[in-house]
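# Geometric and topological summary
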Amino acid sequence: MPGGDQEPGRYYVGVDVGTGSVRAALVDQRGILLAFADQPINKWEPQFNHHEQSSEDIWAACCVVTKKVVQGINSNQIRGLGFDATCSLVVLDKQFRPLPVNHEGDSHRNIIMWLDHRAVSQVHRINKTQHSVLQYVGGVMSVEMQAPKLLWLKESLRETCWDKAGHFFDLPDFLSWKATGVTARSLCSLVCKWTYSAEKGWDDSFWKMIGLEDLVADNYSKIGNQVLPPGASLGNGLTPEAAKDLGLPAGIAVAASLIDAHAGGLGVIGTDVRGHGLACEGQPVTSRLAVICGTSSCHMGISKDPIFVPGVWGPYFSAMVPGFWLNEGGQSVTGKLIDHMVQGHAAFPELQAKATARCQSVYAYLNSHLDLIKKAQPVGFLTVDLHVWPDFHGNRSPLADLTLKGMVTGLKLSQDLDDLAILYLATVQAIAFGTRLIIEAMEAAGHSISTLFLCGGLSKNPLFVQMHADITGGHGKNEQSWESCASQTSG
Ligand SMILES: Nc1ncnc2c1ncn2[C@@H]1O[C@H](COP(=O)(O)OP(=O)(O)O)[C@@H](O)[C@H]1O
Ligand SMILES: O=C(CO)[C@H](O)[C@H](O)COP(=O)(O)O
C-alpha cells in the first residue's frame, strides 16, 4: 500500500508537456512513481520554419493522461498538481479564447512553438539594439524566445491577432491559469524567455526600444504583472471546472509552473548519488550539468554568483534552483535531428521491418547492428570517414547563430543498413561534440563541471549516453573523475 500501513498515502500529480507528447505521473509523498501515462499531441508546420500547436488540444491531452494516472485512487488523498511545459507562446483574446497565430486565420492553432523560426528579421533588429537585457541571455537573443515572436505578431497579424489579444502566456503559465483561473506567471518562464529580471522586474526601456511599448502602457497585464516563484501555490487551487476536466478534486493545490527543461533540471541536478561508488559523490552541486534531452537538449548549470557565458542563456537568478544562478546552454534539435536522419534514409523501411520483427525500437536495433559491424574496434571508430555538423536548425549555444545549417561529409553511393547505422552514429557523436563545446564555453567563463546528469527521451538510448561520456570525458579532465549519469525520468 503506497504510504505504508500506518498513514494513508498522499498523492501528487505532475503533468509534463513536451514537444511531441504530454505525460502525467502520479507520485506519493516519498516521491515514488505509482502511475504514468502519455499521449501524443498535434503539431502543424504550415510553412517552413513555422511551427504551431493548439492550447485546446494540449489541455485535452493533459486531461486524458491525468484521468488515467488517478484511476482507482481515492481522490481525497490527492493533494497537489503541478505542470511543466515547453516554452511555446500561447495567444488568447480578452475573453481568454484562442486567437490565430497564422495567416490562414485558424484560431485552433493559437500557439507559436518554441522551435518556430519565423521571427528572424525581428530578432536581428532586437539584437542590433544591444540593450542591456541581452546580457542576461548570453549576449544574443534567440529567435526561439518570446520578444521576437510578439513583435512578429504585431507586424504580421496586426488586425487578426495583435489588436484582439488580451493574454500572451508561456505554455507552462497557460496551463496553471487554465487549472486555477490565476493569471500570475512563473518566475521561471518570465526570467528565461521574456527578459524579466528576478531583481529588477520588467525593463520598460527594452520594450519601448523594440517597438512593443503598448505592452508597457498596459502595465504588462498582457504578459504578466504578478510573478510567483515556481512551486508557489496559486489562488484557491483547482477550479471546479478544471477539476471536472482533469478528474481531480476541486480546490487541491496547484503549483506555479516550470519550463520542461527546468523541471527536468531540478529533478536530476540534486540526485542523491551516495552509495554507488561514483566519483561525483561529495562534489558540490555546481559541478553538475543537467542535460535534458528530448526533441532538443538543454544544458543546465548552476552557480552561487552570476556567470556570463557568451552564447549561453542566462545568468538567470532563481529560475530553476532557488537562490542559485542558472546558465542554460542548448541544442535546438537533437532527438528531432536523430529521427530526421534515420527516418529520411533510403534504408529506413528495411530497418523498420527488421526492428518490428524483433519487437525492438529502431534505435535498439541500430545499436545492436553497430555492435555487430564494429568487429574488434571501439564503436566510435566506425565514423572515421563520416562526419555530421548538427546545426540543421541553427546553433543555439555556444555560437548563438540561427543561420547555421547542417552538413554531412564522407557520403558514398551505397545506402544500405550499414550506412544508415553509421550515419546515425555520426549524428549522435556530433550532438555529443556540441555538448562538449557548450561545456568548454561554460568552463572558460568560470563554471567547473565534472558530471553530466541526463534525462529525457534520449537518455533511454545507451549509445547517446555512452557517446556523451566518451566525447566530453577527455575534455581537460582527469578521466577517472568524469562520468555521466542517465536517469529514466522524463524531461
Ligand atoms: N527508447 C528510446 N530509444 C532511443 N531514443 C528514444 C527513445 N525514446 C525516445 N527517444 C528519443 O527521444 C526523443 C523524444 O524525447 P522526449 O523526451 O519524449 O521529447 P519531448 O519532451 O521533446 O516531447 C525522440 O526524438 C527520440 O529520438
Ligand atoms: O527551450 C527550451 C527550454 O528552455 C526547450 O528546448 C524547449 O522547451 C523544448 O523542450 P523539449 O526538447 O523537451 O521538447
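Residues numbered from 1 in each chain as written. Chains lettered and ligands numbered in written order. Predicted model: local features only at pLDDT ≥ 70, side-chain atom pairs only at ≥ 80, totals over all residues. Heavy atoms only, no water.

Looking at an unreviewed UniProt entry, the protein chain carries the name FGGY carbohydrate kinase domain-containing protein, with the source organism given as Phyllostomus discolor. Of the protein chain, the UniProt comment under Sequence similarities (unreviewed entry) reads exactly: "Belongs to the FGGY kinase family." (UniProt positions renumbered as here; feature names shortened; annotations may be inferred.)

Another point: the nonpolar core. By size, the foremost hydrophobic cluster in this structure holds 65 residues, and its most contacted members are Leu-150, Leu-153, Phe-168 and Trp-207. Each of two domains, domain 1 (11–256) and domain 2 (272–490), supplies a minimum of three residues to this core. Not counting chain neighbours up to four residues away, the residues in contact with Phe-168 comprise Leu-89, Val-90, Val-91, Leu-150, Leu-153, Trp-162, Arg-185, Trp-194, Leu-215, Lys-222 and Ile-223. Formed by 50 residues, the second largest nonpolar core is a distinct cluster that contains Val-312, Leu-337, Leu-454 and Leu-458. (Core = buried A, V, L, I, M, F, W, Y, C linked by side-chain atoms within 4.5 Å. Buried < 20%, exposed > 50% of the residue type's maximum accessible area, 1.4 Å probe, protein only. Domains from an automatic or database assignment. Contact = heavy atoms within 4.5 Å.)

The next subject is the UniProt feature "domain: Carbohydrate kinase FGGY C-terminal" (unreviewed entry) in the protein chain. Here, UniProt's "domain: Carbohydrate kinase FGGY C-terminal" (unreviewed entry) annotation points to residues 289–473. Within the segment residues 289–473, helix and strand shares are 39% and 19% respectively, and the terminal C-alpha atoms sit 13 Å apart. (Helix = DSSP H or I, 4+ residues; strand = E, 2+ residues; numbered from the N terminus.)

Moving on to the packing of helix H1 (residues 55–69) against helix H4 (residues 171–180). Contact geometry for H1 and H4: axes closest at 11 Å, N-to-C directions at 65°. You can see that H1 and H4 cross each other, and the crossing is right-handed. Two secondary-structure elements touch here, H1 through Ser-55, Ile-58, Trp-59 and Cys-62 and H4 through Leu-171, Phe-174, Leu-175, Lys-178 and Ala-179. In terms of residue class, the contact of H1 with H4 is made up of seven nonpolar, one polar and one charged. (Axes fitted to C-alpha atoms, helices over the stretch in contact; angles between N-to-C directions. Left-handed = near helix turned anticlockwise from the far one by under 90°. Nonpolar A, V, L, I, M, F, W, Y, C, P; charged D, E, K, R; others polar.)

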